[in-house]
Amino acid sequence: MKPLHLEYIVPGDDFTRAGEASSKVKNMLKRVGFDSDSIRRVAIAMYEGEINMVIHGGGGVASVEIYPDRVEISLVDHGPGIEDIDKAMQAGYSTAPDNVRSLGFGAGMGLPNIKKYTDEMRLESEVGKGTTLFMMIKAGA
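Here goes a summary of the coordinates provided. Because the structure is predicted, anything quoted here is derived from the model rather than measured.

**Focus on the sheet that holds strand S2 (residues 59–67)**
If you trace the 5 strands from one edge of the open sheet to the other, you get S1-S2-S3-S5-S4, paired in antiparallel fashion. Single-partner strands in this sheet number two, and they are strand S1 (4–11) and strand S4 (120–126). Sheet twist, expressed as the average angle between the axes of neighbouring strands with direction ignored, equals 10°. Sheet analysis places S2 next to strand S3 (residues 70–77), joined by 8 bridges and oriented antiparallel. Within the sheet, the bridge partner assigned to Val 61 lies in S3 and is Val 76. Along the sheet, helix H1 (residues 20–31) contacts S1, S2 and S3; its crossing angle with S1, the most-contacted strand, is approximately 160°. Each of S1, S2, S3 and strand S5 (130–138) is contacted by helix H2 (residues 36–56), which is oriented at about 5° to S3, the strand it contacts most.

Written out as structure tokens, the structure is:
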């Protein structure tokens, strides 16, 4: 079966639109009959990824493939990249600027939360070129 493919532009530095893509995916998953726990996990992981794209990556593209048994998400930005992925994965570590923190973002929990709510996560980043985040969430897992 061919997956349902969705693609969204995630605007950079626009917190008013952050989360639009994850909200649309959440609604689509409801329409196609995914279970509520899987929908919640997809929505949380994707939202955290979108916020990171807005804060750090200058926006980018979110591609989503919906299969009967899983959802695969790829978030690609062309931002500055992540210098130390191991450090970025540590809960509480953040490089968010003060103005972002004053808005309630940048607590350093985005990547750890993504790892927690996904069944598979791969993070590839090259300094000066950008970051690609792949996530997979199984239905009913």
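**Quick look at the nonpolar core**
The biggest cluster of nonpolar side chains holds 33 residues, and the ones touching the most others in it are Val 25, Leu 29, Val 64, Ile 73 and Met 135. Elements supplying a minimum of two residues to this core: S1, H1, H2, S2, S3, helix H5 (110–117), S4 and S5. A per-element tally of this core places H2 first, with 8 residues.

**Some thoughts on the pairing of S4**
In this structure, S4 lies alongside S5, joined through 7 bridges in antiparallel fashion. Its bridge partner being in S5, Leu 123 is matched across the sheet by Leu 133. Taking the residues between adjacent antiparallel strands as the criterion, S4 and S5 are bridged by 3 residues, where Gly 128 takes a positive phi near 90°.

**Examining the packing of H2 against H5**
Running from amino to carboxyl end, H2 crosses H5 at an angle of 155°, the nearest separation of the two axes being 9 Å. Overall, the two elements H2 and H5 adopt an arrangement that is roughly antiparallel. In the packing of H2 onto H5, the handedness of the crossing is left-handed. Contacts from Arg 40, Arg 41, Ile 44, Ala 45, Glu 48, Gly 49 and Asn 52 of H2 reach H5 at Gly 110, Leu 111, Asn 113, Ile 114 and Tyr 117. When the residues that make up the contact of H2 with H5 are grouped by side-chain class, the tally is 5 nonpolar, 4 polar and 3 charged.

Cut-offs and rules
- Residues numbered from 1 in each chain as written.
- Predicted model: local features only at pLDDT ≥ 70, side-chain atom pairs only at ≥ 80, totals over all residues.
- Heavy atoms only, no water.
- Pairing = 2+ DSSP bridges.
- Helix = DSSP H or I, 4+ residues; strand = E, 2+ residues; numbered from the N terminus.
- Axes fitted to C-alpha atoms, helices over the stretch in contact; angles between N-to-C directions.
- Contact = heavy atoms within 4.5 Å.
- Core = buried A, V, L, I, M, F, W, Y, C linked by side-chain atoms within 4.5 Å.
- Buried < 20%, exposed > 50% of the residue type's maximum accessible area, 1.4 Å probe, protein only.
- Parallel < 35°, antiparallel > 145°, perpendicular 65-115°, else oblique.
- Left-handed = near helix turned anticlockwise from the far one by under 90°.
- Nonpolar A, V, L, I, M, F, W, Y, C, P; charged D, E, K, R; others polar.

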